Amino acid sequence: MRIVDTVRFFRHLEKMGEASGGKRIFYAFVNIIIMALGVGFAVCVVWLFKSFTNTLQNFVLNWMGIIVCIGLTLLCFLQGFIAQLVLAVMTGVGMFRKEPAGQRAPNAVAFVIAFSTTVGLVVGVILYLIYCT
C-alpha cells in the first residue's frame, strides 16, 4: 500500500471513532461496500485467469489486468475487512460505555451489522477455499 492509501485508511478509522452511533451504522455499510468491491476484483482475477488464449495481445492484456485487479483486491479487501473489525470493536465498547442519551441502540445496530458481515466474510472465504479449490 502506498503512503497516501495508508493515511487515508487511518483517517477513515479516525472518522469512525469520532462518529456517533447513527453515523457508525453508515460506516458499517460503507465498509461492506468496500469489502464487496474487493470480492468483485477477486472475481475479475479468476475470470482473467480463465480467459487466457494463445494470442500475444490477449496474454499481455490479461496479465496487466490480473496485476491491477490483485492490487485492488488486496487494497479493498484489507481496508474494508480491517475497518469493519475496528468498527465492531468500537461499537461493542460503545454499547457498554456511558454514552450520551440515545447512542446505545445505534451502536448495538452497528455492532450487529459489523460483526455479522465480518463473520460472514470469514465463513464465505473458508467455504470457498474448501469447496472451490
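Residues numbered from 1 in each chain as written. Predicted model: local features only at pLDDT ≥ 70, side-chain atom pairs only at ≥ 80, totals over all residues. Heavy atoms only, no water.

Scanning the protein chain for helices and strands turns up 4 helices and 0 strands. For the protein chain, whose C-alpha radius of gyration is 18 Å, the value lies well above the compact-globule estimate of 14 Å for 133 residues. The principal-axis extent of the C-alpha atoms belonging to the protein chain is close to 65 × 35 × 15 Å. Burial status across the protein chain gives 31% buried among its 133 residues. Taking contacts inside the protein chain between residues at least 6 apart in sequence as the whole, the part at least 24 apart equals 68%. Of the roughly 8,600 Å² of accessible surface on the protein chain, a fraction of 76% belongs to carbon and sulfur atoms. In the protein chain, 10 side chains carry a positive charge and 4 a negative one; their mean positions are 5 Å apart. (Helix = DSSP H or I, 4+ residues; strand = E, 2+ residues; numbered from the N terminus. Rg over C-alpha atoms; globule rule 2.2 N^0.38 Å. Buried < 20%, exposed > 50% of the residue type's maximum accessible area, 1.4 Å probe, protein only. Contact = heavy atoms within 4.5 Å. Areas by Shrake-Rupley, 256 points an atom, 1.4 Å probe, with all protein chains shown as cover. Lys, Arg positive; Asp, Glu negative; His and termini not counted. Charge placed at Lys NZ, Arg CZ, Asp CG, Glu CD.)

Put simply, the protein chain has an average pLDDT of 84, and 94% of its residues get 70 or more. Mean pLDDT values over the elements of the protein chain span from 77, in helix H1 (residues 3-18), up to 88, in helix H2 (residues 21-50). (pLDDT = per-residue confidence, 0-100.)

On to the packing of aromatic side chains. Throughout the structure, instances matching the rule amount to 5 aromatic pairs. Each ring, one from Phe59 and one from Trp63, has its centre 6.3 Å from the other, and the planes form 70°; the classification is edge-to-face. Within this pair, Phe59 and its partner Trp63 are both found in helix H3 (residues 56-96), separated by 4 residues, close to a single helical turn. Ring centres 5.7 Å apart and planes at 5° place the aromatic pair Phe77 and Phe81 in the stacked group. A residue pair is termed a helical-turn pair when its members lie 3 or 4 positions apart in one helix, as Phe77 and Phe81 do in helix H3 at 4 residues. Among the residues examined, Phe77 registers a relative accessible area of 26% and is labelled partly exposed. You can call Phe81 buried: its relative accessible area is 18%. Members of the aromatic cluster, connected to one another through ring pairs, are Phe49, Phe59 and Trp63. (Phe/Tyr/Trp six-rings, centres within 6.5 Å; stacked < 30°, edge-to-face > 60°.)

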